[in-house]
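Chain residues, written in single-letter form:
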Amino acid sequence: MGSPFFSILLPTKNRSEIVGGAIQSVLSQSLADFELVISDNDDSPTATRDVVATFRDPRIVYVRTSGALSMHDNWDNAFAHARGDHVLILEDKMRLVGDALKILRSLAVDENVPVSFRATSAPGEMLASPASAPSGRRLPSREIIDEFVRFRPKSFHLIPKGFDCCVSRGILSRIKAASPTGYLFSYICPDYSFGFMLLSTVDAVLRIEEPLVFIPNNWMWSGSYSNGQSSYRKDGLIRRFLSDLPIDRREIVARVPIKVEFLWINMVLYDFFTKYRRAGHDVKINWADYHAFVLTLILLGKKLGADMAEERAALRESIKRSGWAFRMQVSYKIVIHLALAAQQVVVGRVARIFNRGTN
């Protein structure tokens, strides 16, 4: 039997109450040439297994782990069992829109150019597929990284992180062979680590702005299954996540000026420093933008009800150590980043109204 065109990887842990929705969104696709690889890393040996057993479909490949894998090990475990020519990740909290694979199949014509698409949130259970076949634009890898090191909000959406892109097996094999850790989805953050290694490997991605994957019942800061929100709360989930890492946690903040390990941007920067390797691309972090971005994270954490006292103190101390010229630059950048954050809120609210009116 030949290999399927798509392998959808679904690594999951302790979310049996929602994983069924992710599975159903794959099995309901309008294009049927796929396999769904579920890597079950639950603490419970039966919870997710029982959910999977309710779906009788030969395209499901169910793999039970020891239950003790780290997040990056579980993601790589799913890939190890995949046979498809093109691969994408589906997190257990996410859903594919109904025509997602059909759209990706029409766009994935150059095996050396991954297809990147938008991931979004939805206030309800459903999100409609794009009304017409979307066309893509080639987005150079260097441009994505240049936006990232200025901490522009849109850059975090443009980095192809596995769950918002479709990548050929040939590219994935090259990434894994060159990976400094041997992982395709490496630590700290498997999604961002993968994105930085992918952008080191390919010259461009084919980008479409229509959302092909979404998180249901999630709007702005109302989600219940977010590692990012867990980092603001500094709760047991993020502490367990960090304890599973095969590195000394002090390494997370070794190269950043604001040395707070629970700031998720510091985790992403660790991945950037250790995984992005593009010959001839001289990348310089804009540290004034970094400080301004951290302030927006502090304000968001406060909105979520998190205790951000440590982060506020570390931000103040870092700025105090700098010269007056840098402090003036940070003040200017703060205005820009707060304006960008406010723009995102407004756009998000408008999109929410639109989605409610069309679903």
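Predicted model, so just to flag it, every value in this text is computed and none were measured. (Residues numbered from 1 in each chain as written. Predicted model: local features only at pLDDT ≥ 70, side-chain atom pairs only at ≥ 80, totals over all residues. Heavy atoms only, no water.)

This structure, assessed with the given rule, holds 19 aromatic pairs. Where phenylalanine 148 meets phenylalanine 272, the ring centres are 5.3 Å apart and the plane angle is 55 degrees; that geometry is what we call tilted. Here phenylalanine 148 is found in helix H5 (residues 141-148), whereas its partner phenylalanine 272 is found in helix H11 (residues 264-275), with 124 residues between them in sequence. Here phenylalanine 272 falls in the buried class, since its relative accessible area comes to 6%. Note on phenylalanine 156 and tryptophan 264: the rings are 5.6 Å apart at their centroids and 80 degrees apart in plane angle, and the pair reads as edge-to-face. One end of the pair, phenylalanine 156, is in helix H6 (residues 153-158); the other, tryptophan 264, is in helix H11, and 108 residues separate them in sequence. Pairwise contacts between aromatic rings join Phe148, Phe151, Phe156, Tyr192, Phe196, Trp264, Phe272, Phe273, Tyr276, Trp287, Tyr290 and Phe293 into one cluster. Just above the ring of phenylalanine 5 sits the side chain of arginine 105; from NZ or CZ to the centre is 3.9 Å. (Phe/Tyr/Trp six-rings, centres within 6.5 Å; stacked < 30°, edge-to-face > 60°. Helix = DSSP H or I, 4+ residues; strand = E, 2+ residues; numbered from the N terminus. Buried < 20%, exposed > 50% of the residue type's maximum accessible area, 1.4 Å probe, protein only. Lys NZ or Arg CZ within 6 Å of the ring centre and 35° of its normal.)

Let us look at the nonpolar core. Phe6, Ile23 and Ile265 are the most contacted members of the largest nonpolar core, which totals 113 residues. Looking at which element gives the most residues to this core, the answer is helix H12 (residues 287-303), with eight residues. Once residues within four sequence positions are removed from consideration, isoleucine 265 is found in contact with Phe151, Phe156, Tyr290, Phe293, Val294 and Leu297. (Core = buried A, V, L, I, M, F, W, Y, C linked by side-chain atoms within 4.5 Å. Contact = heavy atoms within 4.5 Å.)

For the rest of this paragraph, the subject is a negative patch on the surface. Together, Asp33, Asp85, Asp110 and Glu111 make up a negatively charged patch on the protein surface. By secondary structure assignment, the location of aspartate 85 is in the loop between helix H3 (71-80) and strand S4 (86-89). (Patch = residues over 30% accessible without salt bridge, like charges linked within 9 Å, V, L, I, M, F, W, Y side chains within 5 Å. Areas by Shrake-Rupley, 256 points an atom, 1.4 Å probe, with all protein chains shown as cover. Salt bridge = Lys/Arg side-chain N within 4 Å of Asp/Glu carboxyl O. Lys, Arg positive; Asp, Glu negative; His and termini not counted. Charge placed at Lys NZ, Arg CZ, Asp CG, Glu CD.)

Another point: the pairing of strand S2 (residues 34-40). Counted residue by residue, S2 has seven buried out of seven residues, so it is predominantly covered. Burial along S2 is two-sided: the residues Phe34, Leu36, Ile38 and Asp40 and Glu35, Val37 and Ser39 are all buried. Relative to S2, strand S1 (residues 6-12) runs parallel, the two sharing seven bridges. Each bridged residue has a counterpart across the sheet, and for serine 7 the counterpart in S2 is glutamate 35. Handedness of the crossover joining S1 and S2 through helix H1 (residues 16-27): right-handed. Note that S2 and strand S3 (residues 60-64) share five bridges and pair parallel. Each bridged residue has a counterpart across the sheet, and for isoleucine 38 the counterpart in S3 is tyrosine 62. After leaving S2, the chain enters helix H2 (residues 47-53) and then returns to the sheet as S3, a path that is right-handed. (Pairing = 2+ DSSP bridges. Right-handed = clockwise from strand over helix to strand, strands pointing away.)

The next point concerns unusual backbone geometry. Of the consecutive residues tyrosine 187 and isoleucine 188, the connecting peptide bond is found in the cis state with omega at 15 degrees. Topologically, isoleucine 188 is positioned in the loop between helix H7 (169-178) and helix H8 (190-201). One non-glycine residue, phenylalanine 151, lies in positive phi territory at about 60 degrees. Relative to the helices and strands, phenylalanine 151 resides in the loop between H5 and H6.

Our next topic: the confidence of the model for the protein. Per-residue confidence for the protein gives a mean pLDDT of 92, with 94% of residues at or over 70. Per-residue pLDDT stays below 50 along residues 350-359; that stretch engages in 11 contacts with residues further than four places along the chain or on separate chains. (pLDDT = per-residue confidence, 0-100.)

Turning our attention to helix H4 (residues 100-107). Looking at H4, one finds that the buried residues are Ala100, Leu101, Ile103, Leu104 and Leu107. Across the axial projection of H4, the buried residues extend over an arc of 160 degrees, all falling on one side. (Arc of directions from axis to C-beta.)

Right, let's talk about the pattern of salt bridges for a bit. With the rule as written, the count across this model stands at 22 salt bridges. When the shortest N-O distance is used, the salt bridge between glutamate 209 and arginine 137 registers 4.0 Å. In this pair, glutamate 209 sits in strand S9 (residues 204-215) while arginine 137 sits in strand S7 (residues 137-140), placing the two residues 72 residues apart along the sequence. When its relative accessible area of 38% is taken as the criterion, glutamate 209 is described as partly exposed. Judged by relative accessible area, arginine 137 falls into the partly exposed class, the value being 43%. Among the ionic pairs, lysine 333 bridges to aspartate 289, the shortest N-O distance being 3.5 Å. Residue lysine 333 is found in helix H14 (residues 324-358), and its partner aspartate 289 is found in helix H12; the two are separated by 44 residues along the sequence.

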